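# Inside the fold
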Amino acid sequence: MFGKIKSIRKNDNKIIVVYENIEATVEVISPSIINFFVPLYRKERASKAIEDLVVEECDFEVSEEDEGIIITTEKLQVKIFNDFKVDIYDKYGNILCEDYREERKAFIRRHGNLDILKLEGHKVVVDAIYKVMVLKKMEQNTFFYGLGEQTGHLNKKGYQYKLWNTDDPSPHVECHESLYKAIPFLITVKDKQDFGFFFDNTFETHFDMGKENADYYYFSAVDGNLDYYFIYGPEVKKVVGSYTKLTGTNPLPQLWTLGYHQSKFSYTPESRLLEIADNFRKRDIPCDVLYLDIDYMDGYRVFTWDKKKFPDPKGTLAGLKERGYKVVTIIDPGVKKDKGYKIYEEGIKNSYFVTDKDGVPYVNTVWPGTALYPDFTNERVRKWWADNQKIMMDYGVSGIWNDMNEPASFNGPLPEDVMFNNDGLEVQHKEVHNVYGHYMSKATYEGIKEHSGKRPFVITRACYAGTQKYSTVWTGDNQSLWDHLRMSLPMLMNLGLCGMTFCGADIGGFSFDCTAELLSRWVQVGTFTPLFRNHSRDFTRDQEPWAFDEKTEEINRKYIKLRYRLLPYIYDLFWQAERNGLPVIRPLLLNYQEDSNTYEMNDEFLCGDNILVAPVVEQGKKARMVYLPEGDSWVDYWTKEIYKGGQYIVKEADLDVCPIFIKAGSFIPNYPQMNYIGEVEIKELILDIYPPIEGNKASYEHYQDDGESFAYRNGMYNLYEFIIESKAGINITISKKHNGYNKKYESIKLCINNVKSSKVSVDGAKINFGKYENSIEFSVPIKNNNVIEIK
Ligand code: GLC
């Protein structure tokens with residue numbers, strides 16, 4: 001198609017390959033990241049995901065051989081041939097990925113009614129021709145991960161997905177082709193030589209991981225440029241780190257956003273909202289965030305309040321704030337077509353809405369009835385939308401929930417040729433559909449940042465690669481089904497691998513009626529997922545922690561309280577994530593890629609490096625098999641029993657027990673019990689310590705700041721380092737690596753598990769300590785350095 005190579009040119013890190021029919025560009029972004037670009041649609045690379053591409057100054061060689069061109073970096077050898085066929089090797093000459101050169105040969109569908117298949121949501125045409133396509137030979141032992149929140153299993157081998165943001169109200173099932181998010185990032189794990197592809201194309205894209213034919217896999221798009229990044233590991237951690245270097249990391253959120261969130265479609269009128277608030281405090285169940293879904297608005301007009309349901313929103317929110325609650329309100333994109341309504345009038349006057357091909361504002365139907373869609377691809381519109389956030393901030397709203405931004409439409413999909421401004425370069429809907437939610441989140445984030453001065457809390461349903469810079473995500477309208485609890489685990493783990501650090505699923509399920517047992521098991525999972533939000537739809541039964549019976553309430557209380565104790569650990573993970581892009585909820589393979597038993601582990605996950613969670617996700621089960629990965633030893637959180645890694649064990653788990661294992665050699669910082677962030681000043685940090693196996697050493701960094709402002713970016717934070725060594729007793733040192741935040745802890749309480757000792761000394765002086773069956777406890781005032789010896 002592109003023809004033979006005629007010549008090459010070099011321009012800084014770019015190698016321009018002149019083919020008979022077109023010029024292709026290969027750019028060495030770093031020794032491990034290579035961009036491949038062919039201007040099939042537009043001359044320039046124009047990414048919506050990558051805002052500041054950093055091209056590393058690095059040495060590489062380009063040589064011309066008979067059959068093609070070889071680019072050699074410190075890590076890779078890239079061979080480029082006629083027709084832009086590309087093969088990539090590691091520096092030792094081992095093949096990593098090779099273009100597939102034979103004809104595609106798809107499986108055949110025999111007999112049957114294709115229309116029924118279509119209705120069931122199957123892709124009927126298996127060998128569709130796409131304008132942009134990269135076909136790779138399937139190597140043996142290949143596993144695939146990523147692609148955002150797709151349904152199904154952790155490993156995507158043998159499946160096919162269409163990336164086209166879709167609001168599909170039918171129950172999510174394993175074979176769904178598309179959901180709300182388009183994240184064209186695929187991770188390939190193969191013999192500890194892992195790499196990823198970020199296919200930066202905003203049109204409808206397709207990823208097939210050997211479903212069409214087990215001999216190859218591909219990614220393709222209906223239009224746009226050929227523009228993808230090959231990202232080499234060889235570790236998955238490195239692939240994820242490099243991808244988030246390109247597309248950005250999740251900024252550190254406010255601390256309260258990591259607490260418990262309670263939502264419902266909808267807590268109205270005001271008295272119902274207050275009843276919910278009262279219940280949490282009365283029942284001694286911690287909670288930080290309450291949500292207002294669409295019914296708080298006046299006729300679903302965004303940025304308004306229904307004054308009958310909420311006569312004094314400012315006063316109501318101020319009252320809630322005093323009791324520690326933060327209120328998050330939903331704002332959908334659809335603006336009601338309504339003469340005299342401020343937002344509509346401003347939008348019309350300034351041409352802020354998307355139009356049909358003749359320039360007439362396009363209308364469809366969403367919650368408010370006939371509605372128009374703000375054109376978030378236009379900077380002027382984003383600025384307007386950002387300024388509108390002030391309306392909500394002035395009412396005392398603490399965060400904004402952006403929904404229906406695929407964009408959803410009740411009256412048929414938006415036609416392909418609805419026109420968008422695209423910052424001055426007019427384009428059709430089909431080009432920017434997948435970034436509509438991304439730009440809405442960006443506008444919302446920027447508005448909240450400007451008008452509150454704090455770290456914005458935005459939660460969005462639709463997104464594209466890179467949205468993590470602006471927003472938290474949730475997995476949309478799941479159901480109160482055990483299947484959906486199970487499926488949420490691989491969905492969240494794959495979202496995490498795609499840089500979407502702050503993610504969660506509706507706890508208890510959105511549609512249908514939850515059961516007491518399902519909620520009990522779901523809250524256990526939620527305790528360890530980054531976003532901890534219980535949400536359900538209108539006309540479903542109540543689903544708050546107390547909505548069933550005393551036992552269910554007790555289980556909810558137990559786990560929500562556990563979450564609040566673990567907050568400093570989770571906050572530490574977010575602080576690291578801003579710097580290294582690694583997720584909070586992790587598939588085991590991310591940390592244990594040497595252990596191939598972890599590659600298909602759908603129902604266990606890691607919360608950071610130190611906590612392994614193996615939840616019970618089946619009704620009626622009172623025990624489950626747990627795989628403990630090889631290379632570490634694991635301590636049962638409840639019984640403190642120690643197990644060697646690399647084995648399956650059976651863990652009994654009554655309804656109130658979620659199997660949790662802590663890696664031997666861990667510090668887990670805890671807060672004292674509280675009902676909400678800010679209720680108590682934390683003067684003493686609690687360190688739950690799991691010593692390493694005899695002869696080993698471990699360390700941990702703990703981060704502390706004001707929990708809400710951006711001052712940490714100017715150095716106003718504290719960083720502590722804890723080191724532990726098990727060697728003829730236990731030695732612990734506590735030191736400060738950074739000293740920038742003035743509200744320091746006064747002391748640290750050390751709770752050391754699985755030790756029996758007779759003597760503890762701090763900085764050489766013997767101290768008294770509490771002795772329990774399997775642990776010891778004592779507090780030490782913080783100095784610049786503490787040296788603790790336990791014999
Ligand atoms: C959508 C959202 C859901 C919300 C509802 C009403 O279905 O996904 O979370 O409650 O709209 O706003």
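Since the structure is predicted, the reported quantities are computational estimates derived from the model, not experimental observations. (Residues numbered from 1 in each chain as written. Predicted model: local features only at pLDDT ≥ 70, side-chain atom pairs only at ≥ 80, totals over all residues. Heavy atoms only, no water.)

### Focus on the nonpolar core
Our working definition: Only buried residues count toward a nonpolar core, which is a set of Ala, Val, Leu, Ile, Met, Phe, Trp, Tyr and Cys residues joined through side-chain atoms within 4.5 Å. For every residue, the accessible area obtained with a 1.4 Å probe (protein chains only) is divided by the maximum for its type, and the residue is called buried under 20%, exposed over 50%, and partly exposed between those limits. Secondary structure is summarised from DSSP: a helix means a run of H or I of at least four residues, a strand means a run of E of at least two, and numbering begins at the N terminus for each. Note on definitions: a residue-residue contact is assigned when non-hydrogen atoms from the two residues lie within 4.5 Å.
In this structure, Phe84 and Ile732 are the most contacted members of the largest nonpolar core, which totals 228 residues. Here this core takes 13 residues from helix H11 (residues 550–580), the largest share from any one element. Filtering out sequence-adjacent residues up to four positions away, phenylalanine 84 remains in contact with Phe2, Tyr19, Ala24, Val26, Phe36, Val38, Asp99 and Leu226. Met601, Val626, Tyr627 and Trp634 belong to the second largest nonpolar core, which has 13 residues in total.

### Some remarks on helix H4 (residues 313–322)
This is how the line gets drawn: By construction, the arc corresponds to the directions joining the helix axis to the C-beta atoms.
Turning to H4, its buried residues are Pro313, Thr316, Leu317 and Leu320. Angular distribution of buried residues about the axis of H4 spans 90°; they occupy a single face of the element.

### Concerning the domain arrangement of the protein chain
Keep this limit in mind: For the purposes of this description, domain bounds are those given by an automatic or database domain assignment. Here the buried area means the combined drop in accessible surface, using a 1.4 Å probe, for two parts upon being joined, counting both sides. The salt bridge criterion pairs a side-chain nitrogen of Lys or Arg with a carboxyl oxygen of Asp or Glu, the two atoms within 4 Å. Within 3.5 Å is the distance limit for a polar contact, defined as a pair of N or O atoms, with the added protein rule that one can donate a hydrogen and the other accept it, and that residues adjacent in sequence qualify only through two side-chain atoms. Note that Gly is not counted as nonpolar here; it falls among the polar residues with everything else outside the nonpolar set of Ala, Val, Leu, Ile, Met, Phe, Trp, Tyr, Cys and Pro and the charged set of Asp, Glu, Lys and Arg.
Taken as a whole, the protein chain is organised into domain 1 (5–235), domain 2 (255–580), domain 3 (589–662) and domain 4 (681–790). Inter-centroid distance (C-alpha atoms) of domain 2 to domain 3 is 32 Å. Contact between domain 2 and domain 3 buries roughly 2,200 Å² in total, counting both sides, with carbon and sulfur atoms accounting for 66%. Per-residue buried area on domain 2 facing domain 3 is highest for Arg521, Phe528 and Tyr569; these three make up 29% of the total on that side. Where domain 2 packs against domain 3, one counts one salt bridge. Linking domain 2 to domain 3 there are 13 residue pairs in polar contact (both at pLDDT 80 or more). By residue class, the composition of the side of domain 2 that touches domain 3 is 14 nonpolar, two polar and six charged.

### Notes on the packing of aromatic side chains
Selection criterion: Each Phe, Tyr or Trp ring (for Trp, its six-membered ring) is paired with any other whose centre lies within 6.5 Å, and the angle between the two planes then decides the class: stacked below 30 degrees, edge-to-face above 60, tilted in between. For a Lys NZ or an Arg CZ to count as sitting over a ring, it must be within 6 Å of the ring centre and within 35 degrees of the ring normal.
Tallied over the entire structure, the rule returns 60 aromatic pairs. When the ring of phenylalanine 36 is compared with that of tyrosine 228, the centres are 4.9 Å apart and the planes differ by 25°; the resulting orientation is stacked. With a gap of 192 residues between them, phenylalanine 36 in strand S4 (residues 33–38) and tyrosine 228 in strand S18 (residues 226–232) connect regions that are remote in the sequence. Tyrosine 228 shares its class with phenylalanine 36; the two are buried. For the pair phenylalanine 198 and tyrosine 229, a centre-to-centre distance of 5.9 Å together with 20° between the ring planes defines the contact as stacked. Of the two residues, phenylalanine 198 sits in strand S15 (residues 195–199) while tyrosine 229 sits in strand S18, which places them 31 residues apart along the sequence. Tyrosine 229 carries the same exposure label as phenylalanine 198, and that label is buried. The side chain of arginine 533 reaches across the aromatic face of tyrosine 291, ending 4.9 Å from its centre. Sitting above the plane of the tryptophan 638 ring, lysine 558 keeps its charged end 4.5 Å from the centroid.

### Quick notes on the environment of leucine 582
Relative to the helices and strands, leucine 582 is located in the loop between H11 and strand S33 (585–586). With relative accessibility at 10%, the residue leucine 582 sits in the buried group. Sequence-wise, leucine 582 and glycine 496 are 86 residues apart; in three dimensions their C-alpha atoms are separated by 7.5 Å. With residues up to four places along the chain from it excluded, the contact list for leucine 582 reads Lys237, Val240, Thr501 and Ala577.

### Digging into the packing of helix H6 (residues 379–395) against helix H8 (residues 436–452)
To keep it simple, the criterion reads: Each axis is a line fitted through C-alpha atoms, and for a helix only the stretch in contact is used; angles between axes span 0 to 180 degrees, taken between their N-to-C directions. Put simply, angles under 35 degrees are roughly parallel, angles over 145 are roughly antiparallel, angles from 65 to 115 are roughly perpendicular, and the rest are oblique. We call a crossing left-handed when the near helix sits turned anticlockwise from the far one by less than a right angle, and right-handed when that turn is clockwise.
Where H6 contacts H8, the two axes come as close as 7 Å, and the packing angle between them is 50°. Classed by the angle they form, the pair H6 and H8 counts as oblique. Like other packed secondary-structure pairs, H6 and H8 cross with a definite hand, here right-handed. Residues Arg382, Lys383, Trp385, Ala386, Asp387, Gln389, Lys390 and Met393 of H6 form the contact with H8, whose participating residues are Tyr439, Met440, Lys442, Ala443, Thr444, Glu446, Gly447, Ile448, Glu450, His451 and Ser452. Grouping the amino acids of the contact of H6 with H8 by side-chain chemistry returns seven nonpolar, five polar and seven charged.

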